[in-house]
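The chain contents come next:
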Amino acid sequence: MVHLGHHQDFAIRRLYPADQNEICDHFRRLDAEARRARFWWTVSDERLTT
């Protein structure tokens, strides 16, 4: 893992194609309000995977 930055509570690292499934799973677990806050729009499960 290559860390590009660090904060006391989290690390920032480069994302790779191998991370895609985990990222999509994380986004799917977000409720509607959290998705709007992250993406500034309503986002369906289907849209998260395309």
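Summary of the structure given here. Note that the structure is a prediction, hence the values are computed from the model and not measured. (Residues numbered from 1 in each chain as written. Predicted model: local features only at pLDDT ≥ 70, side-chain atom pairs only at ≥ 80, totals over all residues. Heavy atoms only, no water.)

1. Looking at the packing of helix H1 (residues 20–29) against helix H2 (residues 32–39)
Part 1: Two elements in contact, H1 and H2, have axes whose closest approach is 8 Å; the angle formed by their N-to-C orientations is 120°. As summarised for this structure, H1 and H2 are arranged oblique, according to the angle between their axes. Only Arg35, Arg38 and Phe39 of H2 make contact with H1, whose side of the interface consists of His26, Phe27 and Arg28. (Axes fitted to C-alpha atoms, helices over the stretch in contact; angles between N-to-C directions. Helix = DSSP H or I, 4+ residues; strand = E, 2+ residues; numbered from the N terminus. Parallel < 35°, antiparallel > 145°, perpendicular 65-115°, else oblique. Contact = heavy atoms within 4.5 Å.)

2. A few points about the pattern of salt bridges
Part 1: As enumerated under the stated definition, the model contains three salt bridges in all.
Part 2: In this structure, the salt-bridge partner of Arg28 is Asp25, at a minimum N-O distance of 2.6 Å. Placement of the pair is Arg28 and Asp25 together in helix H1, with a separation of three residues, close to one helical turn.
Part 3: With its nearest N and O atoms 2.5 Å apart, the salt bridge here joins Arg35 to Asp45. Residue Arg35 is located in helix H2, and its partner Asp45 is located in helix H3 (residues 45–48); the two are separated by ten residues in the primary sequence.
Part 4: For Asp45, a relative accessible area of 41% puts it in the partly exposed group. (Salt bridge = Lys/Arg side-chain N within 4 Å of Asp/Glu carboxyl O. Buried < 20%, exposed > 50% of the residue type's maximum accessible area, 1.4 Å probe, protein only.)

3. So, the environment of Thr49
Part 1: Structurally, Thr49 can be placed in the segment after H3.
Part 2: Setting aside residues up to four positions removed in sequence, Thr49 forms contacts with Cys24 and Arg28.

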